[in-house]
Amino acid sequence: MIRVRDLRVDYDNFCAVRDLNLDIKAGQVFGLIGPNGAGKTTTMRSILGLLEPTYGEIIVSDVDIRERPEDACRVIGFMPDFPPMYDDLVVWEFLDLFAACYYIPKRQRPDVIESHLRLVGLWDKRDSFVPELSRGMKQRLILAKTLIPDPQVLMLDEPASGLDPHGRVDLKNILKTLAQRGKTVLISSHILSEMSEFCTAVGIMERGRMVISGTVEEVTRQVMGAAVLVIEILDKEDAFRSIISRDKLAGPVHEAASLHFEFSYDGEPEHVSALLHRLVTAGIPIVAFGRRKEGLEEVFLKVGAKEVS
């Protein structure tokens, strides 16, 4: 887990991070979102121990990083955006080199290398030289290297940069597996569509401050307000409208297209389920039913608009 309290980082007369609080639980994939200059990189460098904050408390896996930096670094794996590579090594040799640096016994290294290459989908490239890999493959190779010492906390800076759609799906599955194993994952990225795919929780930064944080659902609900239900039916429009009008949680119904309706709904999941049950029981022929999914782009833009105002 990661816990940050009252973090402040000053560069001469400029405050890059101001009184920031952050909580990331074990098993969470947390996305740090914000425009350039928001303080994301400074926050990550402070958590990594690469930057001395002006003041504040940083706890990583129950270790105070300012008091015991070496112990904290042992539980953190960091994957930078543009990591250095060794062009004269083949893929398995690259991982073997770092496995040796992590004091993994020589007899265990072949199994460790194979398991990590399979995890990131590079086993078929084990005998290829590093320069022969695509940008996305190099990203996955660095991720495999980062995972070798089995860190409890994983910090990734722009991890999906250069990945093709298949590679992003692989990365999403890898992060999901790591979260299921109880790892704490912190991702910084400016590509919000990718963050929607990868993250279970997010924090939005503006001008050095944490504006809002929480699970993706909590942040979306707090910023965007009541959910919007999208329903498409085949007929019985009058009966449909009658049921919706009697539901006190439902807002005005808007017909987006023929027999395709949208309306705000200020209810919990159990209320939504009950509404669906009433519609089905009334014999309404439903083609599609669900919440309109708000992307992190919309959430971020609305938060930014609030900050400006």
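It should be emphasised that the depicted structure is a prediction, and the values quoted were computed from it without experimental measurement.

K.L.:
Just checking my understanding: could you explain the sheet that holds strand β7 (residues 153-157) for this structure?
P.N.:
Paired through backbone hydrogen bonds, the strands of a sheet run either parallel or antiparallel to each other. Pairing is mixed across the open sheet formed by six strands, whose spatial order is β6-β7-β8-β3-β9-β10. Each having just a single partner strand, β6 (76-79) and β10 (209-215) make up the two edges of the open sheet. Neighbouring strand axes in the sheet, compared pairwise and without regard to direction, differ in orientation by 15 degrees on average. Seen against the sheet, helix α5 (residues 135-147) touches β6 and β7 and runs at an angle of roughly 165 degrees to β6.

K.L.:
Sorry, what's going on with the confidence of the model for the protein chain here?
P.N.:
The predicted coordinates of low-pLDDT regions are not to be read in fine detail. Here the protein chain averages 86 in pLDDT, while 90% of its residues score no lower than 70. Overall, residues 305-309 carries pLDDT values under 50, and its contacts beyond four positions in sequence, including any with other chains, amount to six contacts.

K.L.:
What is the right way to look at empty space enclosed by the protein in this model?
P.N.:
Empty space among the atoms becomes apparent when a probe as large as a water molecule is rolled across them. Throughout the structure, instances matching the rule amount to one cavity of 30 Å³ or more. In this structure, the largest cavity spans a volume of roughly 30 Å³. M79, Q139, R140, L143, P159, L163 and L171 are the residues that line the largest cavity. Top contributing element to the lining of the largest cavity by residue count: α5, with three residues. Looking at the lining of the largest cavity residue by residue, the class counts come to five nonpolar, one polar and one charged.

Parameters at a glance
Residues numbered from 1 in each chain as written. Predicted model: local features only at pLDDT ≥ 70, side-chain atom pairs only at ≥ 80, totals over all residues. Heavy atoms only, no water. Pairing = 2+ DSSP bridges. Helix = DSSP H or I, 4+ residues; strand = E, 2+ residues; numbered from the N terminus. Axes fitted to C-alpha atoms, helices over the stretch in contact; angles between N-to-C directions. Contact = heavy atoms within 4.5 Å. pLDDT = per-residue confidence, 0-100. 1 Å grid on protein atoms, 1.4 Å probe; cavity = no way out; pocket = protein on both sides within 12 Å on 5 of 7 lines; lining within 4 Å. Points joined across faces, edges and corners; volume = space filled by probe spheres on them. Nonpolar A, V, L, I, M, F, W, Y, C, P; charged D, E, K, R; others polar.

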